[in-house]
Amino acid sequence: MQRTAIYPGSFDPVTNGHIDIITRASKIFDKVVVGVLENGAKHPAFTFQERVNMLKVAVAGIPNVDIKSFSGLLVDFVKQEDSSVIIKGMRAVSDFEYEFQMALLNRKLAPDIETIFLATSDKYCFLSSSIVRDIAKHGGSLEDLVPDELIETICEKLGKS
Ligand code: COA
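Residues numbered from 1 in each chain as written. Predicted model: local features only at pLDDT ≥ 70, side-chain atom pairs only at ≥ 80, totals over all residues. Heavy atoms only, no water.

### Structural notes on helix H2 (residues 48–58)
Helical periodicity: at 3.6 residues per turn, an α-helix aligns residues three or four positions apart in one direction. Note the following rule: With a 1.4 Å probe rolled over the protein chains alone, any residue whose accessible area is under 20% of its type maximum counts as buried; one over 50% counts as exposed, and the rest are partly exposed. A helix here means a DSSP run of H or I that spans at least four residues, while a strand means a run of E at least two residues long, and both kinds are numbered starting from the N terminus. An arc is given here, and it is the one of the directions from the helix axis to the C-beta atoms. Throughout, a contact is declared for two residues whenever any of their heavy atoms are within 4.5 Å.
Among the residues of H2, Phe48, Arg51, Val52, Met54, Leu55 and Ala58 are the ones counted as buried. The arc that holds every buried residue of H2, seen down its axis, measures 165 degrees, which confines them to one face. Contact partners of the buried residues in H2: helix H1 (16–28), strand E2 (31–37), strand E3 (65–70) and helix H6 (151–158).

Right, here's the structure in full:
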């Protein structure tokens, strides 16, 4: 039986921290589906299509990773993909309370679905999409923070003109 894991998020934009989690998950599972939230509560800086396109570029070299969109409940998307595993990255203790609450809530909604946490690599512990957006907005360097192929796209959209 093929084991598929779902890695959900807004990816506004994708960072090297996300890619680290996707790469490591792809070595554990037969297939990883990155679920891009289409209509979340947040107001993303990048359009849905831009976020998907950036992810596609970033994971192009990993054969067992698919990029898909979802709206509504995460657990419904997980079932739709014939999966029973949600992957989340845990960066620091500060992530724990929120992630723990989400994991418990998702288990209440769908008891057969498990959330598995991967500890983020230490070099990405400080990283988040909003930090990337902030640096780009103020003209700082995104080197090592996002995939090299995306630096221009991100800076063009958010950088000082
Ligand atoms: N490296 C770097 N940054 C990371 C990271 C990692 N490994 N993991 C998370 N982050 C960052 C994200 O970039 C994001 O940064 P930002 O707040 O600066 O934009 C932040 O941490 C939060 O990430 P995440 O927890 O993945 O939240 P999200 O908003 O990207 O996605 C969903 C949240 C999609 C998983 C959640 O809203 C969801 O499941 N929604 C569907 C509705 C639903 O089912 N609700 C009930 C769930 S209980």
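### Focus: the packing of aromatic side chains
This is how it is decided: Within 6.5 Å between ring centres, the rings of Phe, Tyr and Trp (the latter by its six-membered ring) count as paired, and their orientation is classed by plane angle as stacked under 30 degrees, edge-to-face over 60, tilted in between.
Summed over all chains, the structure comprises three aromatic pairs. With a centroid separation of 5.0 Å and an interplanar angle of 15 degrees, the aromatic rings of Phe70 and Phe77 are classed as stacked. Grouping residues by exposure puts Phe70 and Phe77 together as buried.

### Structural notes on the environment of Phe48
Mapped onto the secondary structure, Phe48 falls in helix H2. Sequence separation between Phe48 and Ser69 is 21 residues; the distance between their C-alpha atoms is 8.7 Å. When neighbours within four sequence positions are excluded, Phe48 is seen to be in contact with Val36, Leu37, Glu38 and Ser69.

### Focus on unusual backbone geometry
In this model, Asp12 is joined to Pro13 through a cis peptide bond whose omega is 5 degrees. The residue Pro13 is located in the loop between strand E1 (4–9) and H1 in this model. The residue Phe11 is not glycine, and still its phi comes out positive at about 55 degrees. Summarising the element assignment, Phe11 is placed in the loop between E1 and H1. For Asp144, which is not glycine, the phi dihedral falls at a positive 75 degrees.

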